[in-house]
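A structural walkthrough
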Amino acid sequence: MLAVICGLLITSTIAFAELEHDVQKSERLLAEAGPHWVWVNDINLYSLVNGKAYLVDGDSGRFLGMLGLGFFPTKILFPTD
């Protein structure tokens, strides 16, 4: 039995996959929000420590951006000025 295990260890090969690198990009949005832009909270009960909110254009359904909200987010408060 030991000889079989040693033989498998010696003859086995290890394969490594070359993964593509993630390209992160950022874009500037308009100075003023569009009339139908919506913030959508991502309420994930299994991961309350990693809250997120997504900015979506309600007309086209296009994803515009994301905010990390931290632990157990309930709402987003923006400055009034």
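The structure we're discussing is the one just above.
For every chain, the first residue of its written sequence is number 1, and the numbers climb from 1 along that sequence. pLDDT decides what is reported in this predicted model: residues at 70 or higher carry local features, side-chain atom pairs at 80 or more are listed and counted, and totals for whole chains, interfaces and linings draw on all residues regardless. Side-chain descriptors were evaluated using all non-hydrogen atoms of the structure, hydrogens and water having been removed beforehand.

**A few points about the overall build of the chain**
Helices and strands together make up the secondary structure of the chain, namely one helix and three strands. Each helix is a run of H or I in the DSSP string that is no shorter than four residues. Each strand is a run of E no shorter than two, and both are numbered from the N terminus. Reading the secondary structure of the chain in the N-to-C direction produces α-β-β-β. The cut-offs for exposure are 20% and 50% of the maximum accessible area for each residue type, with area from a 1.4 Å probe on protein chains only; residues under the lower value are buried, those over the upper are exposed, and the others partly exposed. The proportion of buried residues among the 81 residues of the chain is 9%. Throughout, a residue-residue contact means that at least one pair of heavy atoms, one from each residue, lies within 4.5 Å. Residue pairs in contact within the chain that sit at least 24 positions apart in sequence constitute 20% of those at least 6 positions apart. All accessible-area figures derive from a Shrake-Rupley calculation using a 1.4 Å probe, and residue coverage is judged against the displayed protein chains alone. Total accessible area computed for the chain in this model is approximately 7800 Å², and 60% of it derives from carbon and sulfur atoms.

**Comments concerning the pairing of strand 3 (residues 63-70)**
Relative to strand 3, strand 2 (residues 51-57) runs antiparallel, the two being bridged by six bridges. The residue of strand 3 that forms the bridge with Lys-52 is Gly-68. Strands pair, by our definition, only if DSSP identifies at least two bridges between them. Hairpin connection, strand 2 to strand 3: the antiparallel pair is bridged by five residues, and Gly-61 has positive phi, about 80°.

**Here we look at the pairing of strand 2**
Residues of strand 2 alternate between two faces, with Gly-51, Ala-53, Leu-55 and Asp-57 buried on one and Lys-52, Tyr-54 and Val-56 left unburied on the opposite face. Here strand 1 (residues 37-42) pairs with strand 2 via six bridges, running antiparallel. Bridge pairing in strand 2 links Asn-41 to Ala-53.

**Considering the side chain of Asp-57**
Residue placement: Asp-57 occurs in strand 2. With residues up to four places along the chain from it excluded, the contact list for Asp-57 reads His-36, Trp-37, Arg-62 and Leu-64.

These results come straight from atomic positions and should not be treated as a statement about function.
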